[in-house]
Amino acid sequence: MRIYEKAPAKINLMLDVLRKRPDGFHEVEMIMTMVDLADRLELSELRQGTIIISSQAGYIPLDEKNLAFQAARLVKDRYGVKAGVHIHLDKKIPVAAGLAGGSSDAAATLRGLNRLWNLGIAEAELQRLGAELGSDVPFCVSGGTALATGRGEQLTPIPNPPPCWVVLAKPPINVSTADVYGRLRAGAIEHHPSAAAMQAAIEAGDFRAVCSGLGNVLEDVTLPWHPEVRRIKEAMIRLGAEGVLMSGSGPTVFGLVSRPSKVARIYNGLRGFCKEVYAVRSLS
Ligand code: ATP
């Protein structure tokens, strides 16, 4: 038996860090939503109990470091599944980009194995399993749009923002989320974006208010550290994106665009100096 699952990328419409907790994690407030840029997973059942990961992308681990592998092992162990699985990852989401590619692959693996092995696991339980793999995995299990609190694993679903185009540009650097959090001084953050204001803008379907409410305190670390991220932000604004923000810990920057006529201009302008640019729809 063989099944397919899509694993979309996420963007953060706002990301605030409230404090560093005694357990080393940061207490965050984030509003996340999905965009139509997705990895495609092919899951094929294996009679023997092994887990095999393959991918056309040469730059991700294919062993137990792969989050899809970890998700498969978790389900196998927790539910005593004897069968194995071959997971092929057709990677489209850039890696270490702030778009939760690995987390979304893990979430898609949880959903896919639930179907492949007929386990009947409820969505809330899949989210709990996901939280064992990473803070962004529970959100990726259910997708949509959500307010995430705690270390990012406590989710309150909210409506999707008004549909729009999303132009994404990733400079040719990899940024480790752990390094960015490691450099952040939570007590020294001057401007905290408002989750309440963003939620209100979304609920009102007010695209302009969504754009003006965008904010990510991790920009305070990544922008001075990697000036190319700032250059992309400035170019997106100059080219006419209505709202521009770095996603997650970066380095990908996204621009929200309401009119399709503007998308080609922004895309082509960025392609002039950045190789990895995508123009996709928000998922709603
Ligand atoms: P986040 O926004 O959640 O921090 P990210 O988009 O910055 O995620 P990922 O693409 O998830 O980062 O990759 C982070 C690291 O995880 C990479 O360095 C990669 O080696 C490792 N990794 C493990 N499994 C995967 C996977 N399935 N796809 C991509 N990277 C993976």
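The shown structure was predicted, so the numbers you read here are calculated from the model rather than taken from an experiment.

Draft legend 1. Fine view of the site of the ligand. Around the ligand lies a shell of 21 residues, among which G101, G102, D105, T177 and G248 are the nearest. Among the secondary structure elements, those contributing two or more residues to the shell around the ligand are α1 (67-79) and α2 (101-116). Per-class residue counts for the shell around the ligand are 10 nonpolar, 8 polar and 3 charged. Formed jointly, the shell around the ligand draws a minimum of three residues from each of two domains, domain 1 (2-158) and domain 2 (165-281).

Draft legend 2. Representation of the UniProt feature "domain: GHMP kinase C-terminal" (unreviewed entry) in the protein. UniProt annotation of "domain: GHMP kinase C-terminal" (unreviewed entry) refers to residues 198-274 when read in the numbering used here. Across residues 198-274 one finds 58% helix and 14% strand; the C-alpha atoms that close the span lie 29 Å apart.

Draft legend 3. Just helix α3 (residues 123-133), in detail. Every buried residue of α3 is listed here: L126, Q127, L129, G130 and L133. Angularly, the buried residues of α3 cover 160° about the axis, an arc narrow enough to put them on a single face. Where the residues of α3 are buried, they touch α1, α2 and α4 (137-142).

Draft legend 4. Quick peek at the UniProt feature "binding site: ATP" (unreviewed entry) in the protein. As recorded in UniProt, the feature "binding site: ATP" (unreviewed entry) lies at P94, V95, A96, A97, G98, L99, A100, G101, G102, S103 and S104. As for its placement among the helices and strands, V95 is situated in the loop between β4 (84-90) and α2. V95 gets classed as partly exposed once you count the C-beta atoms within 10 Å, which come to 13. Residues contacting V95, with those up to four places away along its chain left out, are Y59, I60 and G101. When sequence neighbours within four positions are dropped, the list of residues in contact with A96 reads N174, V175 and S176.

Draft legend 5. Region of the structure containing the domain arrangement of the protein. The domains assigned to the protein are domain 1 (2-158) and domain 2 (165-281). Once you take the C-alpha centre of each, domain 1 and domain 2 turn out to be 23 Å apart. Between domain 1 and domain 2, the residue contacts involve 24 residues of the former and 35 residues of the latter. Of all the secondary structure elements, the ones that give two or more residues to the side of domain 1 that touches domain 2 are β1 (2-20), β2 (26-46) and β5 (145-149). The biggest single contributor to the side of domain 1 that touches domain 2 is β1, with 9 residues.

Draft legend 6. Here's a closer look at the pairing of β4. Only one face of β4 is buried, namely the one carrying V85, I87 and L89, since none of G84, H86, H88 and D90 on the opposite face is buried. The pairing of β2 with β4 spans 7 bridges and is classified as antiparallel. Bridge pairing links L46 to G84 in β4. Alignment of strand β3 (residues 51-55) against β4, held across 5 bridges, turns out to be parallel. Counted as the bridge partner of I51 is V85 from β4.

Draft legend 7. Broad picture of the nonpolar core. Grouped together as the largest cluster of nonpolar side chains are 83 residues, with contacts concentrated most on A68, A72, L110, V166, V167 and M236. Residue contributions to this core peak at 10 residues, all from β2. Domain assignment of the residues forming this core places at least three in each of domain 1 (2-158) and domain 2 (165-281). Among all residues touching A68, those that are not within four sequence positions of it are I53, I87, L89, D105, A106 and T109.

Draft legend 8. Region of interest: helix α9 (residues 227-239). Here α9 is 13 residues long and its end C-alpha atoms lie 18 Å apart, about the 18 Å a rise of 1.5 Å per residue gives. Along α9, the residues that are buried comprise V229, I232, K233, A235 and M236. Along the axis of α9, the buried positions cluster into a sector of 165°, meaning they face one direction only. Counted as exposed and oriented over 90 degrees from the buried face of α9: P227, E234 and R238. Among the residues trailing α9, G240 stands out with phi positive, at a value near 110°.

Draft legend 9. Region of the structure containing the sheet that holds strand β10 (residues 253-257). Taken together, 4 strands build an open sheet; the order of strands is β9-β10-β7-β11 and the sheet is antiparallel. Every other strand in the sheet has two partners, leaving β9 (243-246) and β11 (276-281) as the edge strands with one partner each. The mean angle between the axes of side-by-side strands here comes to 20°, regardless of whether they run parallel or antiparallel. Here 6 bridges tie strand β7 (residues 165-170) to β11, and the two strands are oriented antiparallel to one another. Bridge pairing links V167 to A279 in β11.

Thresholds applied
Residues numbered from 1 in each chain as written. Predicted model: local features only at pLDDT ≥ 70, side-chain atom pairs only at ≥ 80, totals over all residues. Near = placed C-beta within 6 Å. Helix = DSSP H or I, 4+ residues; strand = E, 2+ residues; numbered from the N terminus. Nonpolar A, V, L, I, M, F, W, Y, C, P; charged D, E, K, R; others polar. Domains from an automatic or database assignment. UniProt positions renumbered as here; feature names shortened; annotations may be inferred. Buried ≥ 20, exposed ≤ 12 C-beta atoms within 10 Å, placed from the backbone. Arc of directions from axis to C-beta. Contact = placed C-beta atoms within 7 Å. Pairing = 2+ DSSP bridges. Core = buried A, V, L, I, M, F, W, Y, C linked by C-beta atoms within 7 Å. Expected span 1.5 Å × (residues − 1). Axes fitted to C-alpha atoms, helices over the stretch in contact; angles between N-to-C directions.

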